[in-house]
Amino acid sequence: MHGLALNFVLLLGSAVVIYLSCEYFVNGVEWVGRKLAMGAQATGTVLAAFGTALPESVVTLVAVAFGGTAASKELGIGAALGGPLALSTIAYATVGVVLLATRQQFPKALAAHGRFDRLARDQRWFLLLFAAKIGLGLILFTGKAWTGILFLLAYGLYVRQEMRGPADPDEQEALEPLKFAPRAETPGLLPALAQTGLALVVIFVASRIFVGQLEQLGPALGLQPQLLALLLSPIATELPETMNAIIWVRQGKYALALANISGAMMIQATVPTALGLFFTPWLLGPPLILAAAVTAVAIVAMYSMFRRGFASRKLLAGMGGLYAVFAGLLVAMHLA
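These remarks concern the structure in this document. (Residues numbered from 1 in each chain as written. Predicted model: local features only at pLDDT ≥ 70, side-chain atom pairs only at ≥ 80, totals over all residues. Heavy atoms only, no water.)

A short note on the overall build of the protein
Looking only at helices and strands, the protein has 13 helices and zero strands in total. Taken from the N to the C terminus, the helices and strands of the protein come in the order α-α-α-α-α-α-α-α-α-α-α-α-α. In the protein, buried positions account for 53% of the 336 residues. Of the contacts formed within the protein by residues at least 6 apart in sequence, a portion of 85% connects residues at least 24 apart. (Helix = DSSP H or I, 4+ residues; strand = E, 2+ residues; numbered from the N terminus. Buried < 20%, exposed > 50% of the residue type's maximum accessible area, 1.4 Å probe, protein only. Contact = heavy atoms within 4.5 Å.)

See the structure below:
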């Protein structure tokens, strides 16, 4: 098989494996959250988000800490900016598109239970942290690396707040049987952890294959490392969160779908940023500033919507248009 054709086959095959693995992951993480007496919001924003965002954080760590070339460090910084961009545009857009395609509506109970208020609070905190990380990327001063600790502390405070949040009235809704123990009405914590962990390993391996194929296709398409990191790699690295959103929306678990994206964004705003500050000068060029600007526009739109206590399917789907605008502007900058 021709090399380029093999790249495309592996690209599509790994995407299918990621989706199937996410079916096991979301099923397992729901049971882990139930066994640990965590609410649906905390399960989505902490457990699921941490699990699916961990591979991207490891990739960023490897790129900035162990990469021996400037191109490798550029990929790491680009991933730290590209992740939030993909989540705030493509991931939210996926939720809206699936809702429109399946003719589903957000239930009024989401607003009644304060879930939109909590999502709005997440967007607000993300904006503050995001503004800080972009501001640091515009200046150079002695001791900048130490500011990375503040971002790790901020994420720790966020997790603490989520874990102590109020429970929703419908938290005890029936869950699908654990796939590793389909006959057990209430499976144990160990099988749930085993299923979740194994699914995460498969997701990580398949995601690496997916990203690897993109990295090989990039030069064939004439894409420079930073352009690849901003334009294509984030789509691959945020694929698990997007797949989780599709699965949970199909199951009618809208709060989990939105909370998973929101929680992953909080991780992307803190952990990769801290790694970038620790191991690079963290100076942002025009393409990265463009990515930051588009991300900020998307989050302001999400915050305004959630603050009003509702979620428009069309507005969510429209977030994909922002990514298309970004891609067009980035390609224009590249050609110029």
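Let's talk about a nonpolar patch on the surface
Together, L6, V9, L10, V17, Y24, F180, L198, V201, V202, V205 and I209 make up a nonpolar patch on the protein surface, roughly 870 Å² of accessible area in all. Among the elements of the structure, α1 (3-35) and α7 (189-220) are those that each provide at least two residues to the nonpolar patch. Looking at the element boundaries, V9 is found in helix α1. The exposure class of V9 is partly exposed, given its relative accessible area of 45%. (Patch = residues over 30% accessible without salt bridge, like charges linked within 9 Å, V, L, I, M, F, W, Y side chains within 5 Å. Areas by Shrake-Rupley, 256 points an atom, 1.4 Å probe, with all protein chains shown as cover. Salt bridge = Lys/Arg side-chain N within 4 Å of Asp/Glu carboxyl O.)

Here's the deal with helix α10 (residues 239-250)
Side chains of residues three or four places apart in an α-helix project in the same direction, reflecting 3.6 residues per turn. Taking 1.5 Å per residue as the helical rise, α10 with its 12 residues ought to reach 16 Å, and the 17 Å between its terminal C-alpha atoms agrees with that figure. Extensive coverage of α10 is indicated by the burial of 10 of its 12 residues. Residues L239, P240, E241, T242, M243, N244, A245, I247, W248 and V249 constitute the buried set of α10. Two residues or fewer after α10 comes G252, characterised by a positive phi angle close to 80°. (Expected span 1.5 Å × (residues − 1).)

Focus on the packing of aromatic side chains
Aromatic rings in a pair are described by how distant their centres are and how their planes are angled relative to each other. Enumeration according to the criterion identifies seven aromatic pairs in this entry. Taking 6.4 Å as the distance between ring centres and 65° as the angle between the ring planes, the aromatic pair formed by Y24 and F180 counts as edge-to-face. On the criterion of sequence distance, the pair formed by Y24 in helix α1 and F180 in the loop between α6 (148-163) and α7 is long-range, its members being 156 residues apart. Here a set of aromatic residues connected by ring pairs shows up, and it is made of Y92, F116 and F306. Here K179 stacks its cationic end above the ring of Y24, 5.5 Å away from the centre of that ring. (Phe/Tyr/Trp six-rings, centres within 6.5 Å; stacked < 30°, edge-to-face > 60°. Lys NZ or Arg CZ within 6 Å of the ring centre and 35° of its normal.)

Remarks on the packing of α1 against α10
Running from N to C, α1 and α10 cross one another at 60°; their axes reach a closest spacing of 9 Å. The chirality of how α1 crosses α10 is right-handed. In this structure, α1 uses A15, I18, Y19, C22, E23, F25, V26, V29 and E30 to contact α10, whose residues at the interface are L239, P240, M243, N244, I246, I247, W248 and R250. In terms of residue class, the contact of α1 with α10 is built from 13 nonpolar, one polar and three charged. (Axes fitted to C-alpha atoms, helices over the stretch in contact; angles between N-to-C directions. Left-handed = near helix turned anticlockwise from the far one by under 90°. Nonpolar A, V, L, I, M, F, W, Y, C, P; charged D, E, K, R; others polar.)

Things to note about the nonpolar core
Within the largest apolar cluster, 83 residues are counted, with the highest numbers of intra-cluster contacts made by L81, Y92, V95, F306 and F326. With 14 residues, the single largest contributor to this core is helix α11 (residues 254-279). Excluding its chain neighbours within four sequence positions, the residues that come into contact with Y92 are L87, Q123, L258, I261, S262, M265, M302, F306, L316 and M319. Counting residues in hydrophobic clusters, the runner-up holds six residues, among them W31, V32, L175 and A192. (Core = buried A, V, L, I, M, F, W, Y, C linked by side-chain atoms within 4.5 Å.)

Some points on the packing of helix α5 (residues 115-136) against α6
The geometry of α5 relative to α6 is characterised by a closest axis approach of 12 Å and an angle of 175° between their N-to-C directions. Viewed along their axes, α5 and α6 adopt a mutual orientation that is roughly antiparallel. Residues R118, R121, D122, L129, A132, K133 and L136 of α5 lie in contact with α6, whose contacting residues are F151, A154, Y158, Q161 and E162. Here the residues of the contact of α5 with α6 sort into six nonpolar, one polar and five charged. (Parallel < 35°, antiparallel > 145°, perpendicular 65-115°, else oblique.)

A short note on unusual backbone geometry
Backbone geometry at R103 places phi at a positive 55°, although glycine is not the residue there. Within the element layout of this structure, R103 appears in the loop between α3 (70-102) and α4 (109-112). Residue class for R103 comes out exposed when judged on its relative accessible area of 77%. The phi angle at W282 is positive, at roughly 55°, despite the residue not being glycine. By the element assignment, W282 lies in the loop between α11 and α12 (286-307). Note on W282: relative accessible area 0%, which makes it buried.

Concerning the pattern of salt bridges
Here the structure, examined in full by the defined rule, presents three salt bridges. Between R250 and E23 there is a salt bridge; the shortest N-O distance is 3.4 Å. Here R250, found in helix α10, pairs with E23, found in helix α1; they are 227 residues apart in sequence, far enough to count as distant. Relative accessible area serves as the criterion here: at 47%, R250 is assigned to the partly exposed category. With a closest N to O distance of 3.4 Å, R121 and D122 form a salt bridge. Each member of the pair, R121 together with D122, is buried.

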